[in-house]
Amino acid sequence: MTERITDTVHAVDAAAVLRLLPSRPRLLALGEPTHGEDVLLDVRNDLFRQLVEREGYRTIAIESDCLAGLVVDDHVTTGAGTLDEVMESGFSHGFGASAANAELVRWMRAYNEGRPAAEQLRFVGFDGPLEITGAASPRRAITALHAYLSARVDTDLLPCTAQTLDDLLGDDERWTEPAAMMDPSRSVGRTPEADRLRVLADDLVALLDARTPQLVSASTPEEWDRARLYGRTAVGLLRYHLWMADTSPGRLARLLGQRASMMAANLLAVAERGPALVYAHNAHLQRDVSTMRMGDLPLEWWSAGAIVSAQLGEGYAFLATALGTIGHRGVDTPPPDSIEGLLYALPQDRCLVDAHRLAATHGRATARVSPWFGYAPLDPAHLARLDGIVFVKNAPAGRSWWPAA
């Protein structure tokens, strides 16, 4: 059995990855089974460098706030801000604490130094401005979109003034109220002001679309891309706040689906730029329907990867990362009949596995159960819809930066 697995194993390098795929994808997605382990980000960084240097990749998109990510992109392309400032303000979800993320930013900036804009590497955050405890105010996105349009179209075409937006938005604390995630009555998402803002955001995006030829000619590519990002984010955030205020049984599934939809829209925009490496949790990139339970409530939604895969076909490829042990989290040697156990028996510390061939021979492997909530083992039922598996044998305690709770 081990010999048959060995036949599917390769080194983790760009050439081997691309040989597994039927065609060159626009988005090459690499997932991780847990956050906070820099050994996994080291693998990502190594692969991205190879894709840049050998395959012409120019963009990396990670699971982080799309608006905060503009800070990182400005730094790697122009040198704006210090590395410490960028790590503090350019990442969400605590990802700025990662030494491997700092090394990625440092390397991208060094690579871009002295290169023309067309050859520079770009950084993208593709998550919405969302955290597990709530969502940001739509202020930044909708006011930035309004300012962009105000500078380029006749005033009488605008659906409102900047002052109207400011009055409707009110204090940002209303939008970021922490209690609203668990108590819909604390959300402002269905107030008359929010209802009006949703209409105005839609009208502003409609104007952006309707005046595309004029706006493209009056903007740099960077200005146009960011205007579209502001539009997607304004509409998406207002819709997210709408569902935060919902009291129906479908509330949580709607929120999960809305986040996935925002992620997918940002990834499809990234795909327009050319080939990119995408990095996020496996759950955000998988092709299978996503499920979870919140207490007694079963939830089901389609991930960003599933949405993008349905639209791009072979233009989307997904490698899931599997992990052997996380000893400092109580995740010890995997059962030998699990996917992770089969791979753990291999001599390599890191390897790339042909998931289709593995599914053909080991598709009935036992599902591993994690003793720690923060780690999600591979589901053997998903094997056939993976393009490959990156396996990392151990995550050392000294490279972990995720909170212990």
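The rules behind each value
- Residues numbered from 1 in each chain as written.
- Predicted model: local features only at pLDDT ≥ 70, side-chain atom pairs only at ≥ 80, totals over all residues.
- Heavy atoms only, no water.
- Pairing = 2+ DSSP bridges.
- Helix = DSSP H or I, 4+ residues; strand = E, 2+ residues; numbered from the N terminus.
- Contact = heavy atoms within 4.5 Å.
- Axes fitted to C-alpha atoms, helices over the stretch in contact; angles between N-to-C directions.
- Buried < 20%, exposed > 50% of the residue type's maximum accessible area, 1.4 Å probe, protein only.
- Polar contact = N/O pair within 3.5 Å; in protein donor to acceptor, adjacent residues only side chain to side chain.
- Domains from an automatic or database assignment.
- Buried area = accessible area lost by both parts, 1.4 Å probe.
- Salt bridge = Lys/Arg side-chain N within 4 Å of Asp/Glu carboxyl O.
- Parallel < 35°, antiparallel > 145°, perpendicular 65-115°, else oblique.
- Left-handed = near helix turned anticlockwise from the far one by under 90°.
- Nonpolar A, V, L, I, M, F, W, Y, C, P; charged D, E, K, R; others polar.

1. Side note on the sheet that holds strand β11 (residues 350–353)
Next, step 1: Here eight strands make up an open sheet; going across it, the order is β1-β11-β12-β10-β2-β7-β3-β4 and the pairing mixed. For this open sheet the edge positions go to β1 (9–10) and β4 (122–127), each flanked by a neighbour on one side alone.
Next, step 2: Bridging between β1 and β11 involves two bridges; their strand directions are antiparallel. Across the sheet, Val9 pairs through a bridge with Val353, a residue of β11.
Next, step 3: On the sheet, helix α13 (residues 251–271) packs against β2 (27–32), β3 (59–65), β4 and β7 (276–281) and is oriented at approximately 155 degrees with respect to β4.

2. Here we look at the environment of Gln258
Next, step 1: Summarising the element assignment, Gln258 is placed in helix α13.
Next, step 2: The exposure class assigned to Gln258 is buried, which follows from its relative accessible area of 7%.
Next, step 3: Counting along the chain gives 44 residues from Gln258 to Trp302, while the straight-line C-alpha distance between them is 9.8 Å.
Next, step 4: When near neighbours in sequence (up to four residues on either side) are disregarded, Gln258 contacts Gly236, Arg239 and Tyr240.

3. A word on the pairing of β7
Next, step 1: In terms of burial, β7 is largely enclosed, as six of its six residues are buried.
Next, step 2: As judged from the six bridges shared by β2 and β7, these two strands associate in the parallel manner. In the sheet register, Leu30 faces β7, and the bridge partner there is Tyr279.
Next, step 3: Taken together, the four bridges between β3 and β7 define a ladder with parallel strand orientation. Bridging from a neighbouring strand, Thr59 pairs with Ala276 of β7.

4. A closer look at helix α15 (residues 304–312)
Next, step 1: Residues Ala304, Gly305, Ala306, Val308, Ser309 and Leu312 constitute the buried set of α15.
Next, step 2: Each element contacted by the buried residues of α15 is listed here: β2, α13, α14 (282–285) and β10 (316–325).
Next, step 3: One side-chain oxygen at the N-terminal end of α15 lies 3.3 Å from the backbone nitrogen of Gly305; it belongs to Ser303.
Next, step 4: Remark: Gly313 follows α15 within two positions and exhibits a positive phi of approximately 60 degrees.

5. Remarks on the domain arrangement of the protein
Next, step 1: Under the domain assignment used here, the protein contains domain 1 (5–132 + 279–395) and domain 2 (134–263).
Next, step 2: Summarising the inter-unit geometry, the C-alpha centres of domain 1 and domain 2 are found 29 Å apart.
Next, step 3: Taken together, the 27 residues of domain 1 in the interface contact 23 residues of domain 2.
Next, step 4: Around 2,000 Å² of area is buried between domain 1 and domain 2 when both sides are counted, 66% of it from carbon and sulfur atoms.
Next, step 5: On the domain 1 side of the contact with domain 2, Leu67, Leu70 and Leu130 bury the most area, a combined 28% of that side's loss.
Next, step 6: Across the domain 1-domain 2 interface, the total number found is five salt bridges.
Next, step 7: Note that Arg226 is salt-bridged to Asp73, the shortest N-O span being 3.8 Å.
Next, step 8: Taken together, domain 1 and domain 2 are joined by six residue pairs in polar contact (both at pLDDT 80 or more).
Next, step 9: Only α4 (69–78), β4, β5 (130–131), β8 (290–294), β9 (297–301) and α15 provide two or more residues apiece to the side of domain 1 that touches domain 2.

6. With respect to unusual backbone geometry
Next, step 1: For His93, which is not glycine, the phi torsion reads 60 degrees and is therefore positive.
Next, step 2: Looking at where His93 falls in the secondary structure, it is placed in the loop between α5 (83–89) and α6 (99–112).

7. Considering the packing of α4 against helix α12 (residues 221–244)
Next, step 1: One can describe the packing of α4 onto α12 by two numbers: an axis separation of 13 Å at closest approach and a directional angle of 165 degrees. On the basis of the axis angle, α4 is roughly antiparallel to α12. Between α4 and α12 the crossing geometry is right-handed. Packed against α4, whose contacting residues are Leu70, Asp73 and Asp74, the element α12 presents Glu222, Arg226, Leu229 and Tyr230 at the interface.
Next, step 2: Residues belonging to the contact of α4 with α12 are distributed by class as follows: three nonpolar, no polar and four charged.

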